Amino acid sequence: MSGIAKIYKTTLDPTKEAVARAWVGDVKLVGSYRLVDTVDDATGIEVLIASDPDGRLVQIPFTYRSQEINPEQTLTTIEHGVLGTRWVTNALGDPVAVREFIRTILTGDHGATRDDGVEAYLDVHGTGSEKDLQLNDVRLSEITRQRAVGTVDINGHRRQFMLRLPHVLAGFKNTGRGHNATALRLVAPSPQHRDRELLVAEFNWLE
């Protein structure tokens, strides 16, 4: 596992569902999965899973921070009953979250365990097999709701990458006409069809 995510039993204003709806439209939350900040343990990384009006599963990636890092990627602030004001950011615009997605994919790691014992809605895991991986200094040059392009220092070498988190969760063999999922990806068994594997994220080196 990538680590243990600390969960607080407290109030949030606005709620996560309200923030999600303001960003992506009419959705109903069904759960989430988490990664952890394995370097500083200062950034909360959570991907909300929701059902859209067509009954499709969609994912909405957030980070939670005590300070704003990029106004262009800030979605809102929430008042956390224990931690105070938290800045909610598009996770694909947060270098810490992008680093942890890359690390999880390349090392074949799993998502974080919640310390309250609640299971993640998706049991995500990477398809890579790297060992002794050192990732540092993620720099983002292009950010959208579903994609991050940038560079990262990996084992002392700077390389360019693209990370994609599809909004709609589908089987990796059905990602769209003319598109084949990459070998390096984040996948999870479908909660609705256990014999089906969902494509959660995909990763490419661009050089």
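This text gives an overview of the structure that appears in the document. Quick caveat, the model's predicted, so the values are computed rather than measured. (Residues numbered from 1 in each chain as written. Predicted model: local features only at pLDDT ≥ 70, side-chain atom pairs only at ≥ 80, totals over all residues. Heavy atoms only, no water.)

## Here we look at the overall build of the protein chain
Here's step 1: What the protein chain contains, in helices and strands, is 2 helices and 15 strands.
Here's step 2: For the protein chain, the C-alpha radius of gyration of 16 Å lies close to 17 Å, the compact-globule estimate for 207 residues.
Here's step 3: Across its three principal directions, the C-alpha atoms of the protein chain cover 45 × 40 × 35 Å.
Here's step 4: For the protein chain, the residues scored as buried account for 43% of the 207 residues in total.
Here's step 5: Within the protein chain, counting contacts between residues at least 6 apart in sequence, those at least 24 apart form 56% of the total.
Here's step 6: On the protein chain, roughly 10400 Å² of surface is accessible, and the fraction owed to carbon and sulfur atoms is 44%. (Helix = DSSP H or I, 4+ residues; strand = E, 2+ residues; numbered from the N terminus. Rg over C-alpha atoms; globule rule 2.2 N^0.38 Å. Buried < 20%, exposed > 50% of the residue type's maximum accessible area, 1.4 Å probe, protein only. Contact = heavy atoms within 4.5 Å. Areas by Shrake-Rupley, 256 points an atom, 1.4 Å probe, with all protein chains shown as cover.)

## Focus: the sheet that holds strand β3 (residues 28–36)
Here's step 1: Read from one edge to the other, the open sheet built from 6 strands follows the order β2-β6-β7-β5-β4-β3, with strand pairing classed as antiparallel. Only two strands of the sheet have a single partner each, and these edge strands are β2 (12–13) and β3.
Here's step 2: With 8 bridges connecting them, strand β4 (residues 44–51) and strand β5 (residues 57–65) associate as antiparallel partners. If you follow I49 over to β5, its bridge partner there is Q59.
Here's step 3: On the sheet, helix α1 (residues 16–24) packs against β2, β3, β4, β5, β6 (74–80) and β7 (84–90) and is oriented at approximately 115° with respect to β5.
Here's step 4: The sheet contacts of helix α2 (residues 95–107) involve β3, β4 and β5, and relative to β3 the element is tilted by about 80°. (Pairing = 2+ DSSP bridges. Axes fitted to C-alpha atoms, helices over the stretch in contact; angles between N-to-C directions.)

## A closer look at the pattern of salt bridges
Here's step 1: As enumerated under the stated definition, the model contains 13 salt bridges in all.
Here's step 2: Here the residues in one salt-bridge network are D37, R99, E100, R103 and D109, joined through shared partners. (Salt bridge = Lys/Arg side-chain N within 4 Å of Asp/Glu carboxyl O.)

## A closer look at a nonpolar patch on the surface
Here's step 1: Taken together, the side chains of Y8, V82 and L83 present a nonpolar region at the surface, about 250 Å² in accessible area.
Here's step 2: With respect to the helices and strands, the residue L83 is situated in the loop between β6 and β7.
Here's step 3: The exposure class of L83 is partly exposed, given its relative accessible area of 39%. (Patch = residues over 30% accessible without salt bridge, like charges linked within 9 Å, V, L, I, M, F, W, Y side chains within 5 Å.)

These results come straight from atomic positions and should not be treated as a statement about function.
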